[in-house]
Amino acid sequence: MEQKQLDQLSTDLFRPAAGRGDLEQIGRPSLSYWKDAWLRLRKNKGAIFGLIVVIVLTALAIFAPMASKNDYHTQNLSLSKLPPKIPVLEKVSFLHVDGKDKDGFDVYKAKNIKENYWFGTDDLGRDQWVRVWQGTRISLLIAVAAALIDLGIGIIYGGVSGFYGGKVDNIMMRIIEILIGIPQLILVILFILIFKPGVSSIILAMIITGWTGMARIVRGQMLKMKEQEFVMASKTLGAANSRLIGKHLIPNILGPIIVTTMFTVPGAIFTEAFLSFIGLGIAPPQASLGSLVNDGFRFLQTYPYLLIIPSIIISLLILSFNLLGDGLRDALDPKMRK
Amino acid sequence: MEKVLEVKDLHVSFDTYGGVVKAVRGVNFDLKKGETLAIVGESGSGKSVTSKALMRLIPNPPGRIAKGEILFDGRDLAKLSEKEMQKIRGKDIAMIFQDPMTSLNPTMKIGSQIMEGLIKHQNLSKSTAKERALELLRLVGIPQPEVRINQYPHQFSGGMRQRVVVAVALSCNPKVLIADEPTTALDVTIQAQILELMKDLQNKIDTSIIFITHDLGVVANVADRVAVMYGGQIVEMGTVDEIFYDPRHPYTWGLLASMPSLDTSVQTELAAIPGTPPDLMNPPKGDAFAPRSSYALEIDFEHEPPMFQISDTHFAKTWLLHENAPAVEPPKAVVEKRRTMPSNFAKPRLAEEVVL
Amino acid sequence: MLRYTLQRIVYMLITMFIIATLTFFLMKLLPGSPLKSQDKLTPEQITIINEKYGLNDPLPVQYVHYLGNLAKGDLGSSFQYDNRPVTELIGNRIGASAQLGFQALILGSIVGLILGIIAAIRHNTIFDYGATVLAVLGISIPSFVFAGFMQYILGVKLQLLPVALWEGFSYTIMPTIALSGFVIANISRFMRTELLEVMGSDYIMLAKAKGMSGTGIIIKHALRNALIPVITIIGPLAVNIMTGSLVIEQIFAIPGLGEQFVKSISMNDYTVIMGTTIFYSALFIFIIFVVDILYGVIDPRIRVAGGKK
């Protein structure tokens, strides 16, 4: 624009126009905490993968044993050690699910077996497909139960400790410190030695020390909330306790709680498997993923599928929970909100 | 006077997932030898980004100097390689940051942090560097430097730490010192001490200072000239007197009117500037300040104003200086203090260097 | 610092006392006598043995006796291995376990640190994503699964490495890798986060403003600050390796402490279980203690702050 043109600007343009701009423009619609978290979780590919795998594996664990006409404990030695055979997929050679053993001998044809065992059968002729999903069911049951009970105890203990503070808090935290000092594994082993291995004793053993982590988190959040300026601010403004708890406390405490629980589950799945390895796991004929992997090692050289399939399932399960936990942690942390 | 640094049409952008944020949009200024230029503006006005761009300290990605020149010593800093730039940083141009609590390395002794630059830029031996570090600590007023030199940052108070940061910055006698809000994080009494120290040292080593701040009170104390930034642009620039006693831009009026001072009469109301800074991802059409200004004209929403010149040293970027613009009455606080500037032109001219 | 150390030692002793007590009473709760499995013994023999082990004394007497022995470092003797003292059994087995543990810890720390540093320096590049994926896999895949796959592929299929046993360095490779996976994953993840945080800090900006070069800044300023917090997770990771070795020693048939411990569980060899439990606990607690103190020594903030008191 030249000087001349500048002079020729219409005088109309120089009329006052204050207030024409919209001052309180809000860039985007405000979202509720949960909606916002969900939007962020959805963008995280790993977390969505984790979520889907967890759902699929859980569904299979619940329904696959029901849907099969075989069960996990009936032995039939004439059907023992059949390699996996899955129709359609049997044509994909590298998967080795064509019913042939490692020397390329078609066992199904030789024994004249019509039925397809998708994951093969174990040394006692039990359908491995049913056993794997039954095992997943047990592993999940133990892990989820342990995580939920940890959650309950942790919330109550941590809540009381954080809410009252002072001397109560001090004593309660000393107790936790000593408990944390005891290696978890040692307690678990001693406990199960006394109360024979079984689903409930394994869950209980995990809880004995497991709850302390949750309690510390809840307490920490409680204390932080009590200090926080926005809580003081709403108190000063006369907000009722119920409003404080509902609007401020819950959204701020729930995030860390959900995330911690998400990470407790894979930890518990691992611990259960670990117990199977040291001979303190689920007793046969029951199966868990850990006991199946442990049994699989006996046939490493001859029937590797008995090791490989449950190994993949347990890894996939732990991986999915971890990915989902990571995603939730990122999604639920309002400080990351941009 | 000799120009030390000249910035021409500087643009700095950040590439984010949401789009390109144009944090600095065409900034022009120069810095003369031995003078102090204050850059004033609210958070998000681009003042800090400008100062970091001069040092080429904008993290890339996401940030980049999109356009423009930074002329220093006959060289364009915007085009230097990282290696060449490292030779200038700390030696010719030094910087002081806002928060002394976090700007020193917590696991390194104070002495080593001062000596580092000396060893790098002046090829001093360890022992001479240590001598010089002691001298610097004494210079910035740290008692018992022999003891302090072997201590860690957490053993220093905030004000003492900022003194150390000043010592680090001045270690190689830089030609330009950029101080990015150096007193914001400090107590008022400490603030005054640090400002006094900077002024003192400026006289001793003849450095030019770019002083970034949002605090106009500080500006009056230290600056020779003032640049007011808004929405990534300089909207008004002039000597301290011109900015304080004869401001022309409505945003500067707003800043001055919102600042209390001892001679503000009790009746005068402190005025806040309504609204929030512009969204620099989609800067508004026309004058970025118009939506918040009670002096906005129709044209502000259509065309970006050019830079007008009121005197040799005084520039303002507002349509109110156009001859067709209606005469407006600035806020009371501004009018009360207004003085006539003898060096003003008869009427505002269009600044030549600005091409629309 | 001294006060802190003393406080930690007191805590350590209390925890040990609680573990010893707990172990003792839980073992007493166990169903039946440890001798029940040996049905061939006549009642007279059982009485003699009970007498010998003091099993007929009232519980408090046994308890005091047990604590006294413990303080002397006597963990009792095995019921199964010809009455050999538990300390001797532990001593015979600790060598292999210690070698395996140290190898895994060192390999895991070095690889983990390198991965973490590369990921942070090449932030948001393919290296970073690769290291992140590796870390998630390392944390998720249990060591025994990893061991199984290695045994199958490297040992059985390709026959590159011995499948099991403990007869030379090549035998240690697979178990070491299996145990270090979790360490690598954790250290690299932690190092990456710490280094990224440090690289974004003001003092790194100041170092840049001083004209320091990129590599100089990473080595002199960033690494030290990022490494200090990483030390804190070495303790828990060492504990994790010891736990993991219980399983890994089983899988690879390594004559270590873990393998013996698992065997003693299946044979109901109570004194060995008890002794090994106490030994493990002491080691766990000691490692955590050492790492804590080390952290205080390395971080000048803690070192000096404690020194002033």
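For the structure, check the block above.
Now for a description of the structure that goes with this document.

What counts, and where the lines are drawn
- Residues numbered from 1 in each chain as written.
- Chains lettered and ligands numbered in written order.
- Predicted model: local features only at pLDDT ≥ 70, side-chain atom pairs only at ≥ 80, totals over all residues.
- Heavy atoms only, no water.
- Helix = DSSP H or I, 4+ residues; strand = E, 2+ residues; numbered from the N terminus.
- Buried < 20%, exposed > 50% of the residue type's maximum accessible area, 1.4 Å probe, protein only.
- Expected span 1.5 Å × (residues − 1).
- Bend = angle between axes of the 7 residues up to and from the residue.
- Pairing = 2+ DSSP bridges.
- Contact = heavy atoms within 4.5 Å.
- Axes fitted to C-alpha atoms, helices over the stretch in contact; angles between N-to-C directions.

As a further point, take unusual backbone geometry. One non-glycine residue, B:Asp206, adopts positive backbone phi at about 55°. For B:Asp206, the position within the fold is in the loop between helix H7 (188–205) and strand E8 (208–213). For B:Asp206, a relative accessible area of 39% gives the class partly exposed. The phi dihedral of C:Ala253 falls on the positive side, at around 50°, and the residue is not glycine. On the secondary structure map, C:Ala253 appears in the loop between helix H9 (214–251) and helix H10 (257–266).

What follows is about helix H6 (residues 143–157) of chain C. All names here are of chain C. Over its 15 residues, H6 extends 20 Å from the first C-alpha to the last, a length consistent with the 21 Å expected when each residue adds 1.5 Å. If you look at H6, its biggest bend is around 25°, right at Gln 151. Three or more residues of H6 are buried, namely Ser 143, Phe 144, Val 145, Ala 147, Gly 148, Met 150, Gln 151, Tyr 152, Gly 155 and Val 156. In the segment just after H6, Gln 159 is the residue with positive phi, at about 50°.

Turning next to the sheet that holds strand E5 (residues 75–76) of chain B. Residues and elements named next belong to chain B. A sheet is described by the order of its strands in space; here 4 strands give the open sequence E2-E1-E4-E5, paired in antiparallel fashion. Whereas interior strands pair on both sides, the edge strands pair on one side only; in this sheet they are strand E2 (19–32) and E5. Of the pairings in the sheet, the one linking strand E1 (residues 3–16) to E2 comprises 11 bridges and is antiparallel in character. Directly across from Leu 5, in E2, lies its bridge partner Leu 31. Docked against the sheet, helix H1 (residues 47–54) engages E1, E2 and strand E4 (63–72), running at close to 115° with respect to E1.

All names here are of chain B. For strand E10 (residues 233–239), the buried fraction is high: 6 of the 7 residues fall into the buried class. Bridge count for strand E9 (residues 225–230) against E10 is 6 bridges, and the pairing is antiparallel. Counterpart to Arg 225 in the pairing with E10 is Thr 239. Where E9 folds back on E10, the antiparallel hairpin that results is connected by 2 residues, among which Gly 231 adopts a positive phi of roughly 55°. By the bridge criterion, 2 bridges tie E10 to strand E12 (residues 315–316) in an arrangement that is antiparallel. Paired with Met 237 across the bridge in E12 is Phe 315.

Let us now look at the side chain of C:Lys210. Among the structural elements, C:Lys210 can be located in the loop between helix H8 (202–209) and H9. Using a relative accessible area of 6% as the deciding quantity, one classes C:Lys210 as buried. Once residues lying within four places of it in the same chain are set aside, the contact partners of C:Lys210 are B:Arg89, B:Gly90, B:Gln113, B:Glu116, B:Gly117, B:His121, B:Val168 and C:His221.

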